[in-house]
Amino acid sequence: MARSSYAKFATHISYVGGLFVGPVPEKSVWTKILRKLISEEECELGMHLTKTPISAEDFARKVGKPEKQVADMLWNMADHGAIFAHFVNGKPYYRMAPFIPGVYEYLMDYRTMDKEMAELFVKATDEMAWLVRNISPIDGGLMKIVPVREEVVAQPKILSHEDVMTFVNSTDIYSVADCACRYANKLLGKGCEHPIEGICLQFGPHAEYYEKTGRGRRITREECIEILNKAEEAGLVHTVFATDGLNESSYICNCCGCSCSGFRVTRQFGGGAFSASNFRAAIDDDKCVACGGCVEICPMNAIKLGDGLCKAKEAQIEKYETSWDTLWTKDRQDPNYRVRTMVTNKGTAPCKTKCPAHISVQGYIQKASEGKYREALEVIKKDNPFPAVCGRICPHPCEEECTRGSVDEPLAIDAIKMFIADQELDAKVRFIPEIKKQYEPRGKAGKKVAVIGAGPAGLSCAYYLAIEGYQVTVFEKEKLLGGMLTMGIPAFRLDRDVINAEIDILKELGVEFFTGIEVGKDTTIQKLREQGYNAFYLAIGAQKGASLGLEGEELDDVITGVEFLRAINLDPTLKLEGPVVVVGGGNVAIDVARTAVRAGASSVNLYCLESASEMPALKEEQEEAKEEGIVLGHGWGPKRIITKKSKVTGVEFKKCVSLFENGAFAPQYDESVTITVEASKVLLAIGQVIEWGDLTKDEKFIFDARKRIRVNDVSHQTTVPDVFAGGDAVTGPKFAIDAIAMGKQAAESIHRYIQGLNLTICREREFRALDKQNLDTSGWDRMPRQKTGAVDAAAAKVTFKDLRQGLTEEQVRKEVERCLKCGLSIVDQQKCVGCGVCTKRCDFDAIHLERVREDAPAPTWTEFYTRAVGYAMARAARIVAKGVKNVFIKD
């Protein structure tokens, strides 16, 4: 069967463009792409073009066709990227272009790209995978990685092609276009979080071509440099085309490791699309704090968090095969190359691992040790916008797991954080983050998000969305902001000024607040949609107290703990009289009991099902309660509420003999063993439930038996696509830090949703703590833990003021020295390509590039092929040496 003009022209493009792969088949991706973009007659016309530029009128004479017809056809072909138009005094001259850089980039035009074209774009990379596997990833790639300039200029010696400004200075004509790779993945539902708009740069004749065809816009040299800086801040890698010449390039592609074709070939197919730079990342162990910034930004996943106490760093790098000496069959390809491994096989710092928000504890402790408290605050707020709040109420699981606890006592992490975070209370020195206006301005323009609920999850989500550049409005049905922070935690544990100081920062970021508005009653989600809101975050918390179903619960003298705390927080002058019984064993129950003391109860007795060792309330809070005269009764469950003339007179309790059966909560009682406790008020702090009202009416949400809304585990998206949810409304009652962590993750998802990106790609963040069982603690210091000042219980129980004393600055300086620095970033030198983006994310001057060689990229296609053939033959020999035959057939 005769080959079509499309297949013939695709072959012509390939041969003239320097990609000598034989006749291009009819079913090839490239044939299909041409069918979508140009006509068969244009393909036939293009067969007469060469690498020599020619005007339309001269070419019309050459082929014997009417000039206007030829001019229109040539322009259409150039406009769609099948050929190149070189402009001289504004007049186009047409020629065939190299395949790379050239036709491969020209055809992938975001202006004409639809889902079908995007699929072809991706498949085009697949078709070339076999070729790039036989290209050296060290110095044979078509593209060359150019490190971030800040690192290069710091080197004692610089080769011209190692400095990105060499390529900028090679011309005075610049243009910028959207990234076709990331845009294609976005159309296919695989878009990552990296910027698409105005990020890829073109130089010289290519810049003119992009401008004239509408692919890009002309920019100044200053704008070009600004875009390069913006790309580095976003974690994108500068890549240039090695075959354009030693110190020249048609483009600077700012690539990511999750969507760009070159990195995909390298990571998924084991190929050498890029030549690595002459540098590799190196960690300064003394400065590294395992903050994770370099890990999260590395395009090759070459850096992981490891064990800083392990002397053999190399032992933490996993062993694996590569295409260098291994046959890379389909079963070895990695379709999940986007999944980021955060931690080495040895684990890392337990404090970061255990924290629900994975805050860089080691990082802010290091900043505090240097006296850089505002910078320490900035480190915390990357993952937690409310450090002053959490410094007072967090259950500090990081301390429970602290490696220092294996020696003597855990580091006083929470007290250090509280000292740092108290800077938030001073408006003159508080940290207000910069809004990211430079990324995706078109995609964010006019986009609005409604956050429903002003508790920790909602406020956290609003904070990070505001930083991302969105218009955020928070709707709160109560008259005060803060949710359970304000309504459910007594002021002697969390002063209102602390909450308000941190909420003020959201206002500085442009977040709008509407209080006294109940969505579902005063307005609806649908009405808000009609007002232009693009996405919603439901964070209403679990704001209603649970009941026991006992006779007498309906009496006015029986109140849920949540209701009691809300009433006191709204009016601290409310008083209790007579003896009070609190039922419950968690932190809320302790708060309720201590609040009852301050409200005037003559006595407070707290009873719970759990034994003293099982009681879930924090040990320090139990001790504080006992110091204030509260009696804790363990192992008792309420049997009935005793009343007289519709007034509570006491509670009868029955003995609890076990709590769980087959791992499930199923308390068992000995009904014959009872006690009766006098009470005029009963406060039930046995849990909280979610009350949705009419908020979810007419929306197709799914709930579980406990009224928790169903969401995706990673994206927190509900079954209604534009609605996300988090906090206690999803998990049931948990701690504020859990809600804060969920709010941040939801903000990332909402950003991706509005931009049309994949909600889950590159979102995996699994952490694993190092093994503390076999630590050699000999030689470690035994510096005692610094203690905060004791609170006078007699003074504390008569006031709602927070009388707790934090650490002094001198104590903080001593305490931070107790940190063992057990986390450390580990670089896999075999995977590192020397781009240097990791250095832009390090706030501790702990990672830099070090020169490993002084090679130059292939300056011509001839040199490229010479290197490629040499590498391919050497690679084949290495594979054959391992006993494999028919290398080029199987690979």
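Structure first, text after, so check above.
Residues numbered from 1 in each chain as written. Predicted model: local features only at pLDDT ≥ 70, side-chain atom pairs only at ≥ 80, totals over all residues. Heavy atoms only, no water.

J.: Summarise the overall build of the protein chain; cite the residues concerned and give the values.
T.: Counting its regular elements, the protein chain contains 36 helices and 28 strands. Along the first, second and third principal axes, the C-alpha atoms of the protein chain reach 110 × 65 × 55 Å. For the protein chain, the residues scored as buried account for 58% of the 891 residues in total. Put simply, of all contacts in the protein chain between residues at least 6 apart along the chain, 75% involve residues at least 24 apart. Of the roughly 37,000 Å² that the protein chain leaves accessible, carbon and sulfur atoms contribute 51%. Positive and negative side-chain charges of the protein chain, numbering 117 and 124 respectively, have mean locations separated by a distance of 3 Å. (Helix = DSSP H or I, 4+ residues; strand = E, 2+ residues; numbered from the N terminus. Buried < 20%, exposed > 50% of the residue type's maximum accessible area, 1.4 Å probe, protein only. Contact = heavy atoms within 4.5 Å. Areas by Shrake-Rupley, 256 points an atom, 1.4 Å probe, with all protein chains shown as cover. Lys, Arg positive; Asp, Glu negative; His and termini not counted. Charge placed at Lys NZ, Arg CZ, Asp CG, Glu CD.)

J.: Tell me about the nonpolar core, and please be specific about residues and values.
T.: Membership of the largest hydrophobic core comes to 229 residues, with the highest contact counts inside it found for F9, Y364, Y537 and L538. Counting residues per element, this core draws most heavily on helix α31 (residues 736-755), at ten residues. Setting aside anything within four residues of it in sequence, one finds Y364 in contact with I359, A376, V379, I380, I413, I416, K417 and I420. Core analysis: the second largest hydrophobic core is formed by 28 residues, F492, V580, V597 and A601 among them. (Core = buried A, V, L, I, M, F, W, Y, C linked by side-chain atoms within 4.5 Å.)

J.: Any chance you could break down the side chain of T403 for me, citing the residues and the numbers?
T.: Positionally, T403 belongs in the loop between α20 (397-401) and α21 (413-421). Residue class for T403 comes out buried when judged on its relative accessible area of 2%.

J.: Break down the sheet that holds strand β20 (residues 631-634) for me, citing the residues and quoting the values.
T.: Ordered by their spatial adjacency, five strands build an open sheet running β17-β24-β18-β19-β20, and the pairing between neighbours is parallel. At either end of the open sheet lies a strand with only one pairing partner, and these are β17 (558-560) and β20. With direction set aside, neighbouring strand axes in the sheet form an average angle of 20°. Where strand β18 (residues 579-583) meets strand β24 (residues 681-684), four bridges bridge the pair, whose relative direction is parallel. Within β24, the position partnered with V581 by the bridge is V682. (Pairing = 2+ DSSP bridges. Axes fitted to C-alpha atoms, helices over the stretch in contact; angles between N-to-C directions.)

J.: If you had to explain the packing of helix α2 (residues 29-37) against helix α7 (residues 115-127) to someone new, which residues and values would you point to?
T.: In contact at an axis separation of 9 Å, α2 and α7 are set at 155° when each is read in the N-to-C sense. By the angle between their axes, α2 is roughly antiparallel relative to α7. In this structure, the crossing between α2 and α7 has a hand that is left-handed. The residues of α7 that touch α2, namely those facing V29, W30, K32, I33, K36 and L37, are E116, M117, L120, K123, A124 and E127. Each residue belonging to the contact of α2 with α7 can be placed in one class, and the counts come to seven nonpolar, no polar and five charged. (Parallel < 35°, antiparallel > 145°, perpendicular 65-115°, else oblique. Left-handed = near helix turned anticlockwise from the far one by under 90°. Nonpolar A, V, L, I, M, F, W, Y, C, P; charged D, E, K, R; others polar.)

J.: Which residues make up the sheet that holds strand β23 (residues 664-678), and what values go with them?
T.: The three strands are arranged β21-β22-β23 in an open sheet whose pairing can be described as antiparallel. Looking along the sheet, the strands with just one partner apiece sit at the ends: β21 (636-644) and β23. The average undirected angle you get between the axes of adjacent strands in this sheet is 25°. Looking at chain direction, strand β22 (residues 647-661) and β23 are connected through ten bridges and run antiparallel. Looking across to β23, one finds that E661 is bridged to A664.

J.: Outline the environment of P579, listing residues and values.
T.: Of note, P579 is situated in strand β18. For P579, a relative accessible area of 15% puts it in the buried group. The sequence separation of P579 and S613 amounts to 34 residues, and the corresponding C-alpha distance is 26 Å. Beyond its immediate sequence surroundings of up to four residues, P579 is in contact with S602, S603, E678, A679, S680 and K681.

J.: Can you explain helix α33 (residues 809-816)? Please cite residues and give values.
T.: When α33 is considered as a whole, its buried residues turn out to be Q811, V812, E815 and V816. Taken around the axis of α33, the buried residues stretch over an arc of 125°, which confines them to a single face. Elements in contact with the buried residues of α33: α17 (361-369) and α21. (Arc of directions from axis to C-beta.)

J.: Break down the packing of aromatic side chains for me, citing the residues and quoting the values.
T.: For the coordinates displayed, the defined rule picks out 22 aromatic pairs. Centre to centre, the rings of Y104 and F121 are 5.7 Å apart; their planes meet at 65°, and the pair counts as edge-to-face. Taken together, the residues Y104 in helix α6 (residues 99-107) and F121 in helix α7 connect sequence positions 17 residues apart. Counting every residue linked through ring pairs, the aromatic cluster contains F84, Y106, Y209, Y210, F241 and Y251. The lysine or arginine in question, K367, covers the ring of F844, its NZ or CZ lying 4.8 Å from the ring centre. Cation over ring: K655 sits above W636, and NZ or CZ is 4.7 Å from the ring centre. (Phe/Tyr/Trp six-rings, centres within 6.5 Å; stacked < 30°, edge-to-face > 60°. Lys NZ or Arg CZ within 6 Å of the ring centre and 35° of its normal.)

J.: Requested: an account of unusual backbone geometry, with residues and values cited.
T.: Trans is the prevailing form of peptide bonds, just as negative phi is the prevailing case for residues other than glycine. For H396, which is not glycine, the phi torsion reads 40° and is therefore positive. With respect to the helices and strands, the residue H396 is situated in the loop between α19 (387-393) and α20. Residue H396 is classed as buried on the basis of its relative accessible area of 13%. Within the chain, S646 stands out as a residue other than glycine whose phi angle is a positive 65°. Along the chain, the position of S646 falls in the loop between β21 and β22. S646 gets classed as exposed once you look at its relative accessible area, which sits at 56%.

J.: If you had to explain empty space enclosed by the protein to someone new, which residues and values would you point to?
T.: Counted under the stated rule, the structure contains seven cavities of 30 Å³ or more. By volume, the largest cavity is sized at about 510 Å³. Forming the boundary of the largest cavity are 32 residues, of which Y104, E105, C181, F241 and C253 lie nearest the centre. Of the residues that constitute the lining of the largest cavity, the class distribution is 24 nonpolar, four polar and four charged. What the second largest cavity holds in volume is close to 130 Å³. If you go around the second largest cavity, you meet 16 residues; those closest to its centre are C351, C402, C819, L820 and C822. Broken down by element, the residue count for the lining of the second largest cavity peaks at three residues, all from α17. The residue inventory of the lining of the second largest cavity, partitioned by class, reads eleven nonpolar, two polar and three charged. (1 Å grid on protein atoms, 1.4 Å probe; cavity = no way out; pocket = protein on both sides within 12 Å on 5 of 7 lines; lining within 4 Å. Points joined across faces, edges and corners; volume = space filled by probe spheres on them.)

J.: Explain the pairing of strand β15 (residues 533-538) residue by residue, including any values.
T.: Along β15, five of the six residues are buried, which leaves the element largely enclosed by surrounding structure. Where strand β12 (residues 448-452) lies against β15, five bridges are found, and the strand directions are parallel. Looking at β15, one finds that K448 is bridged to Y533. Here β15 runs beside strand β26 (residues 723-725); their pairing, made up of three bridges, is parallel. Each bridged residue has a counterpart across the sheet, and for L538 the counterpart in β26 is A725.

J.: I'd like a description of α7, backed by residues and values.
T.: Here α7 is 13 residues long and its end C-alpha atoms lie 18 Å apart, about the 18 Å a rise of 1.5 Å per residue gives. For α7, the set of buried residues is M117, A118, L120, F121, V122, A124 and T125. Sitting at the amino-terminal end of α7 is D114, which places a side-chain oxygen 3.2 Å from the backbone nitrogen of E116. (Expected span 1.5 Å × (residues − 1). Polar contact = N/O pair within 3.5 Å; in protein donor to acceptor, adjacent residues only side chain to side chain.)

J.: An account of the pairing of strand β1 (residues 84-88) is needed here, citing residue identities and associated values.
T.: Pairing analysis gives five bridges linking β1 to strand β2 (residues 91-95), with the strands arranged antiparallel. Across the sheet, the residue bridging to A85 is Y94, located in β2. Hairpin connection of β1 to β2: two residues between the antiparallel strands, including N89 at a positive phi of 55°.

J.: Just give me the short version of the pattern of salt bridges, but keep the residues and values in it.
T.: This structure, assessed with the given rule, holds 55 salt bridges. Of the charged contacts, one joins K36 and D114 as a salt bridge, the two residues approaching to 3.4 Å between their closest N and O atoms. With K36 in helix α2 and D114 in the loop between α6 and α7, this pair connects stretches of sequence that are 78 residues apart. Looking at K36, the relative accessible area reads 33%, which means it is partly exposed. Three or more residues are tied together by salt bridges with common partners; here these are R404, D408, D781, E815 and R818. (Salt bridge = Lys/Arg side-chain N within 4 Å of Asp/Glu carboxyl O.)

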